[in-house]
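Topology and contacts: notes
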Amino acid sequence: DDDVPGLSLTAEEWLKQHQRAAALYRGEFWAGFFLPDCDAFEGWLSQVRSMYHLKALRAVGRLADQLAMLGQTEQALRYAYQLVDLEQTYEEGHRKVMYLLARMGQRTEAILHYEKYRCYLREELDVEPGEIISALHDQILIHSKTGASHSPQRSTLPATPAPIIGRQSELKRLVENLSDPTSRLVTILGLGGAGKTRLALEAGWNLLPAFADGVFFAEANSDLSREAL
């Protein structure tokens, strides 16, 4: 569960904890078990199954992100594929797969993965992929056709030792604002020590696959930020 790890965990301990969790999860809780004519039990079981499934998606997703940040791309890709296996409609998992494939220079495979995902959504749900993953597909396709040497992973974002905790609503809102093409500048306001920088870094890592030219971190006293000012 990515919401529970202690703040004192080292990055290595955090990785081992989540790798064990990813290996232990085998799918639906109490699969095939039911009690006839017991609606209360079935309602409870459905809630528990959904809870564990969501926890598994979050844990495996965070594991893939952390390994990618540490440069362990092949391992990260393995967990990204696990996300897709756990939930075929989970767009974040497919986005991670595409991003990591492109990062490894396998752009054709990334484009094919998107096409398979789009076909699946059309056939099963009669919907189209979301804007972020579609933008990622377009950027990979452009780079593939132009032969551009760089792939959508350029970044100066510092690695974070553990996932952000208890800020999911703020993170979701920030990512949505930054994804809006009409937003030229998004400012985070808060008291000193409230976690503004940590939240911004997490948003940056979430949005990295959508920006082919990269996502960059400029400290307040850096040459880049002074030039910008």
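Source: prediction; values computed, not measured. All residue numbers refer to position in the chain's written sequence, counted from 1. The predicted origin of the model limits local features to residues at a pLDDT of at least 70 and limits the giving and counting of side-chain atom pairs to 80 or more, whereas totals for whole chains, interfaces and linings rest on all residues. Each side-chain value is worked out from all heavy atoms of the structure, with water and hydrogens disregarded.

So, on to unusual backbone geometry. If you check the backbone angles, Trp30 has positive phi at about 50 degrees while not being a glycine. Three exposure classes are used, based on accessible area relative to the maximum for each residue type with a 1.4 Å probe and protein chains only: buried under 20%, partly exposed in between, and exposed over 50%. For Trp30, a relative accessible area of 42% translates into the label partly exposed. With a phi close to 60 degrees, Asp126 is a non-glycine residue in the positive phi region. Tracing the backbone shows Asp126 in the loop between α5 (107-125) and α6 (131-146). Under the DSSP-based scheme used, a helix requires at least four consecutive residues in state H or I and a strand at least two consecutive residues in state E, with every element numbered from the N terminus.

It is the contact of helix α1 (residues 11-24) with helix α2 (residues 39-69), at a shortest axis distance of 9 Å, that shows an interaxial angle of 135 degrees. One finds that α1 runs oblique with respect to α2. Once α1 is placed against α2, the crossing between them reads as left-handed. Of α2, the residues touching α1 (which contributes Trp14, Leu15, His18, Gln19 and Ala22) are Ala59, Val60, Arg62, Leu63, Gln66 and Leu67. In this count, Pro and Cys sit with the nonpolar residues alongside Ala, Val, Leu, Ile, Met, Phe, Trp and Tyr, while Asp, Glu, Lys and Arg are called charged and the others, Gly among them, polar. Residues belonging to the contact of α1 with α2 are distributed by class as follows: seven nonpolar, three polar and one charged. Lines fitted to C-alpha atoms define the axes, with helix axes restricted to the stretch in contact, and inter-axis angles between N-to-C directions lie between 0 and 180 degrees. Just so you know how the angles are binned, under 35 degrees is roughly parallel, over 145 roughly antiparallel, 65 to 115 roughly perpendicular, and the rest oblique. Crossing handedness is defined as follows: a turn of the near helix away from the far one that is anticlockwise and smaller than a right angle gives a left-handed crossing, while the clockwise case is right-handed. Only heavy atoms enter the contact rule, under which two residues are in contact if any of them lie within 4.5 Å.

What follows is about a nonpolar patch on the surface. Each patch is built from residues that are more than 30% exposed by relative accessible area and take part in no salt bridge. Like charges join if they lie within 9 Å; nonpolar side chains (Val, Leu, Ile, Met, Phe, Trp, Tyr) join within 5 Å. For every accessible area listed, the method is Shrake-Rupley and the probe measures 1.4 Å; residues are considered covered only by the protein chains on display. Whenever a carboxyl oxygen of Asp or Glu lies within 4 Å of a side-chain nitrogen of Lys or Arg, that contact is scored as a salt bridge. Where nonpolar side chains cluster on the molecular surface, the patch consists of Trp30, Phe33, Leu35 and Trp44 and spans about 400 Å² of accessible area. Within the secondary structure layout, Trp30 lies in the loop between α1 and α2.

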